[in-house]
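Tertiary structure, described
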Amino acid sequence: IPFNAIQNPGDLQLQEKAWNAVCPLVAKLKRFYEFSLRLENALRSLLEALTSPPYAPMQHLEREQALAKQFAEILHFTLSFDELKMTNPAIQNDFSYYRRTISRNRLNNQQLEAENEVNNEMANRMSLFYAEATPMLKTLSNATTKFVSENKTLPIEDTTDCLSTMACVCRVMLETPEYRCRFTNTDTMLFCMRVMVGVIILYDHVHPVGAFAKTSKIDMKGCIKVLKEQPSNSVEGLLNALRYTTRHLNDDSTSKQIRALLQ
């Protein structure tokens, strides 16, 4: 509808129809944007709990399994949301139409009721958020980087070791037949794969040389192989996340084998 309305700016009936269709969608986008801010705070609290001295990452994950599960749930949601966002370009088109309409009304000194819900300032912030290819993942990556830079007394390894340990646990669960046969449905497999990819991406953003270097504590070859053994329709989004949202894949330190696996 918004596309037709853009094509026919003089058709007031069409404009009204498009506006009424877009407003509930924008309200929903606002809720997800606000939720991303809550996730950012939650992630910081979880990282604090899972990296604080005197325990090693594996001890933390064993002692605080409920927190580790919560961290995994956040990553699972994040990758699920971003996969849907990447395959739905209408989100940005609808939001652009909304912003154009409120700008035009401001010029005409009109204020529409929906503006009380999403005013110009909020629309600008949301626009930056949804302009990202993977907005939720970007939020978590930034939050993890910020957590490391703000906690200067905490060795960076405490954070990266927590992430690499989680990646290892997921990989082992996925590649070991005796564990895998306990998965009663494909959703559990997908959950594991999303969490694994999520922690790899966070590790790659935080670690000075990233996840793909030979010195990395993540077995990237093993992780990519596990993904590639699954049906392509269920993992293509995850492989794309590794290709396009990591920081160090194209570094010279990344082996040709790993690059070839992600071609």
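Check the entry above for the structure.
Each value, and the rule that gives it
Residues numbered from 1 in each chain as written. Predicted model: local features only at pLDDT ≥ 70, side-chain atom pairs only at ≥ 80, totals over all residues. Heavy atoms only, no water. Helix = DSSP H or I, 4+ residues; strand = E, 2+ residues; numbered from the N terminus. Buried < 20%, exposed > 50% of the residue type's maximum accessible area, 1.4 Å probe, protein only. Contact = heavy atoms within 4.5 Å. Phe/Tyr/Trp six-rings, centres within 6.5 Å; stacked < 30°, edge-to-face > 60°. Expected span 1.5 Å × (residues − 1). Salt bridge = Lys/Arg side-chain N within 4 Å of Asp/Glu carboxyl O.

With that settled, the discussion passes to the environment of Ile-258. Within the fold, Ile-258 resides in helix α13 (residues 256-261). Residue classification places Ile-258 among the buried residues on the basis of a relative accessible area of 7%. Linking Ile-258 and Phe-212, residues 46 residues apart in sequence, is a C-alpha distance of 7.6 Å. Discounting residues that sit within four places of it in the chain, Ile-258 has contacts with Phe-212, Met-220, Lys-221 and Ile-224.

Next up on the list: the side chain of Thr-159. Its location among the elements puts Thr-159 in helix α8 (residues 156-175). Those residues in contact with Thr-159 that lie beyond four places of it in its chain are Leu-47, Thr-51, Thr-144, Phe-147, Val-148 and Leu-154.

So, on to the packing of aromatic side chains. Scanning the entire structure with this criterion turns up 7 aromatic pairs. Between Tyr-33 and Phe-129, the ring centres sit 5.5 Å apart and the planes meet at 65°, which makes this aromatic pair edge-to-face. Taken as a pair, Tyr-33 in helix α2 (residues 12-51) and Phe-129 in helix α6 (residues 120-131) lie far apart in primary sequence, 96 residues in all. Residues Tyr-33 and Phe-129 agree in their burial class; the two are buried. Taking the centre distance of 5.3 Å and the plane angle of 85° together, the rings of Phe-35 and Phe-77 count as edge-to-face. Of this pair, Phe-35 sits in helix α2 while Phe-77 sits in helix α4 (residues 65-86), placing them 42 residues apart in sequence. Take Phe-35: its relative accessible area is 28%, and that puts it in the partly exposed class. In this structure Phe-77 comes out as partly exposed when scored by relative accessible area, which is 23%. By way of ring pairs, the aromatic residues Phe-32, Phe-35, Phe-77 and Phe-81 are connected into one cluster.

For helix α7 (residues 135-150), which comprises 16 residues, the first-to-last C-alpha distance of 22 Å matches the rise-based estimate of 22 Å (1.5 Å per residue) to within 8%. Every buried residue of α7 is listed here: Pro-135, Met-136, Leu-137, Thr-139, Leu-140, Ser-141, Ala-143, Thr-144, Phe-147 and Val-148.

Note on pairing: side chains with opposite charge can pair once their charged atoms come close. Tallied over the entire structure, the rule returns 9 salt bridges. Measuring nitrogen to oxygen at the nearest pair gives 2.6 Å for the salt bridge that ties Glu-175 to Arg-171. Note that Glu-175 and Arg-171 are positioned in helix α8 at a spacing of 4 residues, about one turn of the helix. Judged by relative accessible area, which is 35%, Glu-175 ranks as partly exposed. What makes Arg-171 buried here is its relative accessible area of 12%. For Asp-219, the salt bridge goes to Arg-171, with nearest N and O atoms at 3.9 Å. Taken together, the residues Asp-219 in the loop between α10 (186-206) and α11 (220-228) and Arg-171 in helix α8 connect sequence positions 48 residues apart.

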